[in-house]
Amino acid sequence: ARLTLWRACKTEHAESGALVRYRKYAKMPRTRGDGTEYFEVEFVYVEESPKAMTQTMLSAVETYLEHRRAHLYAVKQRELCIEKLKRAGPLAQLAASLGKTEAEAIDALRSCEHPKHLELTDHDIIIFTDFAARVKYENASSSTCDHPNIGTICIAVVLHSPADRHVTKDMTESERQPTGLEDSAVSDPSKAAQTVTLGKRKQMVVVEKTLQCDVFAGYSEESGNARYDQTFQRDIVAFYKLGHFVHATAATSRGVPVPIGKDAASAKQSDYDTERLKREEAKSAAKKKEAEAKAAAASSASGSAVPAPAPSPAPAVAPKPKGREHKQRASAGKAKAIPVAATADDLVVTVVGTDRRGALTKMRIALKWSDGCGVQYVQREAALGTAAFYGDIEALARQAADAAARFGVIALHVVFEPHCFKYIHDAAGKVFVDYKNVGVMGRTETVSSIEEHYDFNAANMIAPKNENFNFDFSFSNYVHVLYKADDFIELTAEAVNGIKSWRFTEGGTTLRAMREYGYSFRSQPHVCFCRATPCPHGAYTGVPTEHTVRPLAQQAADREQATNFYDAIQHGTPLASKGELGDATSGGEPLWLSLAGGPIQIAREKFTAAGGAGESGVRTIATNWAYVEVEWLVKIKVGSSGDVHYEKWAQPHRERTVLTKPKIVTVQVSLRTEELSNGTTRYILSAADYQLLLDGVRG
């Protein structure tokens, strides 16, 4: 109402010849070193008319109100998703509600159109992540005047594993005293004057459904960027789902090195951690030897005679400190209040261990919350990392023994409003950054690089001490992870239009082998976790928008995977390829399936084969091209359950049919067969696999 009056106020918007000098953000022309011009937004002084200044102020207030609204909405959604995870049931319960097995349920829930696509289970995780300030290691360079080494620590607080646990609740009684201002009108009742008298402190141990909270710290010389963040997030998921890290140089949890490798069979303690433990052992031995030498020297100086016991000295009086005298707490030196249990029946819970490494094998969703820093979270590399997350984890998990554990993990990314992302990760970040001062200021350690910072924290930050934090929250584990520059995944990508206009990104389920066609993902202006049908907040959250982001660089692992797939092609291997819609025989089908007639061959001389979009209906296979002789499969029908049925198909005049190597989609296609009464073999592709391949080739 006040803004409406302000907009309609004729006095405020009246024309005037006078000028008002004030500061505002404006685009200022600047010149680079090479002479090219550009614009940069700066907070500068301007002289404008009172009407222009009023319009600027009005626009600023309107923008702030919308910013504040979005922030408060995001806070509510953060609370809601945490509560959803607390109440989440196991995957078996979700599968039973769908009338499917666990593996069938995960397969069906990959589709973003499924109404329970984003329903959380007790194996899913929530991540709050941010980059701590750049750390300068000045203690070694201050005496040499060299530039200090610099490192970056990335903090990720992970909530997971809902279970009944013992919780200490504050049951202290309070009494509100009269203030004489009860009749005063205040705009915010929470800000009303009050006087509260607290009684004797009481605590009670009760049983509540809570989430376990682990803190991961990534150490690297590189500055914070999307490659760092996405690599770290993949390792966190691999830690819980697979039981080992994949990309890190070294990793430690509770003083014990964590295995690192491409799969469970090859994962082992890193060479870096092996050398670090040797250094720690040598350092401990040296300290022990020094202590023994001092004790021996003191013993020899006192002589062999046993001195008579000295009389007990009088209690020493501590000297009064100089300067300002600080008051002592009334509770100093007194024992803390002892928590009182509710009843024995209330405290019977199933003990859940805090080591959950490799225990969340059926994880489906990893929900990440971050700020809106453009370099780290809101740019094309971050979009590619979120979109490709499922495919990267699926490539690691496909060797799992349990069928329900062979799927990837869908990455969800929620971006908070600028300058508002404050939560438990901030307190954790300060502890990891400043903990090195324990050794440096005590003159027992020298920490002059990010590697030495990792060494010191990994050896000494064994388990959280929750009294270090000024909020009512409990951390369970510290995990330290060290990265080199070449450990980070490659995320060079094509441009993604409009990425700064949304706050929610949902990664797709494109397989890694289909990366050349691009990774699919969805965006939305805001996210809602109420899961109501229909959602009452749809007018504010907006509708999802489909996107595709294409990588511009191929990783070594992708080349290795493609090579292994090509080498494994034999007679009868099902192959998928992107259909040529211009071909008269395509039937408008973008996904083509075929059966290999043998392994890949190299053309010794050029020849013609059926296919192509031209009038001739043939194509030329040039010399030295790699190709596979194939039998095409034609789509017959879609079954009642969505499965797609195929049969063999040949050219009208039995022309030669081949598939060139670049057109082969390097994804293992699973077809089941069914013999019809007329002797025809029917090849059946599951609905989920068909949709997955179709989305991939469509790009």
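Reading the values: rules and limits
- Residues numbered from 1 in each chain as written.
- Predicted model: local features only at pLDDT ≥ 70, side-chain atom pairs only at ≥ 80, totals over all residues.
- Heavy atoms only, no water.
- Helix = DSSP H or I, 4+ residues; strand = E, 2+ residues; numbered from the N terminus.
- Buried < 20%, exposed > 50% of the residue type's maximum accessible area, 1.4 Å probe, protein only.
- Contact = heavy atoms within 4.5 Å.
- Core = buried A, V, L, I, M, F, W, Y, C linked by side-chain atoms within 4.5 Å.
- pLDDT = per-residue confidence, 0-100.
- Axes fitted to C-alpha atoms, helices over the stretch in contact; angles between N-to-C directions.
- Parallel < 35°, antiparallel > 145°, perpendicular 65-115°, else oblique.
- Left-handed = near helix turned anticlockwise from the far one by under 90°.
- Nonpolar A, V, L, I, M, F, W, Y, C, P; charged D, E, K, R; others polar.
- Expected span 1.5 Å × (residues − 1).
- Pairing = 2+ DSSP bridges.
- Salt bridge = Lys/Arg side-chain N within 4 Å of Asp/Glu carboxyl O.

Draft legend 1. Broad picture of the side chain of aspartate 392. Structurally, aspartate 392 is set in helix α8 (residues 389-397). Take aspartate 392: its relative accessible area is 9%, and that puts it in the buried class. Setting aside anything within four residues of it in sequence, one finds aspartate 392 in contact with Arg234 and Arg512.

Draft legend 2. Fine view of the nonpolar core. The biggest cluster of nonpolar side chains holds 77 residues, and the ones touching the most others in it are Ile126, Ile153 and Trp369. The contact partners of isoleucine 153, leaving out residues within four places of it in the chain, are Phe131, Ala132, Val135, Ala217, Gly218, Tyr219, Tyr228, Phe432, Val433, Ile450 and His453. Counting residues in each nonpolar core, the second largest holds 45 residues, with Ala411, Val479, Val481 and Leu491 among its members.

Draft legend 3. Examining the confidence of the model for the protein more closely. Looking at the protein, the pLDDT average stands at 85 and 88% of residues meet or exceed 70. Note on residues 467-472: pLDDT is under 50 here. Beyond four places in sequence and across chains, it has 7 contacts.

Draft legend 4. Expanded view of the packing of helix α6 (residues 271-302) against helix α11 (residues 450-460). At their nearest, the axes of α6 and α11 sit 11 Å apart, and the two run at 70° to each other. Judged by the angle between their axes, α6 and α11 are roughly perpendicular. For the pair α6 and α11, the crossing hand works out as right-handed. In this structure, α6 contributes Tyr272, Asp273, Arg276, Arg279 and Glu280 to the contact, and α11 contributes Glu451, Tyr454, Asp455, Ala458 and Ala459. When grouped by side-chain class, the residues that make up the contact of α6 with α11 number 4 nonpolar, no polar and 6 charged.

Draft legend 5. Local environment of helix α2 (residues 50-86). Over its 37 residues, α2 runs 54 Å from end to end, which matches the ideal 54 Å to within 8%, given 1.5 Å per residue. Among the residues of α2, those classed as buried are Thr54, Leu58, Ala70, His71, Tyr73, Ala74, Val75, Gln77, Arg78, Cys81, Ile82 and Leu85. In the core, the buried residues of α2 are packed alongside α1 (2-8), β3 (125-131), β5 (149-170), β8 (203-220), β12 (365-370) and α12 (538-541).

Draft legend 6. Expanded view of α11. Counting buried positions along α11 yields 8 of 11 residues, so the element is predominantly enclosed. Every buried residue of α11 is listed here: Ile450, Glu451, His453, Tyr454, Asp455, Phe456, Asn457 and Ala458.

Draft legend 7. Inspection of the pairing of strand β13 (residues 410-415) at higher detail. In terms of burial, β13 is a largely internal element, 6 of the 6 residues being buried. Judged by which residues are buried, β13 turns out to be covered on both faces: Ile410, Leu412 and Val414 on one side and Ala411, His413 and Val415 on the other are all buried. Across 6 bridges, the pairing between β12 and β13 is parallel. Bridge assignment links tryptophan 369 to a residue of β13, and that residue is valine 414.

Draft legend 8. Expanded view of the environment of glutamate 42. Within the fold, glutamate 42 resides in strand β2 (residues 37-48). In this structure glutamate 42 comes out as partly exposed when scored by relative accessible area, which is 21%.

Draft legend 9. Representation of the environment of alanine 92 in the model. Examined against the element boundaries, alanine 92 turns out to sit in helix α3 (residues 91-98). You can call alanine 92 partly exposed: its relative accessible area is 38%. Each C-alpha atom, one on alanine 92 and one on glutamate 102, is 5.8 Å from the other, the two residues being 10 residues apart in sequence.

Draft legend 10. View of the pattern of salt bridges. Counted by the stated rule, this structure contains 29 salt bridges. The partner of arginine 7 in a salt bridge is glutamate 62, with the nearest N and O atoms 2.7 Å apart. Of this pair, arginine 7 sits in helix α1 while glutamate 62 is found in helix α2, placing the two residues 55 residues apart along the sequence. Residue classification places glutamate 62 among the partly exposed residues on the basis of a relative accessible area of 30%. In this structure, the salt-bridge partner of arginine 279 is aspartate 455, at a minimum N-O distance of 3.1 Å.

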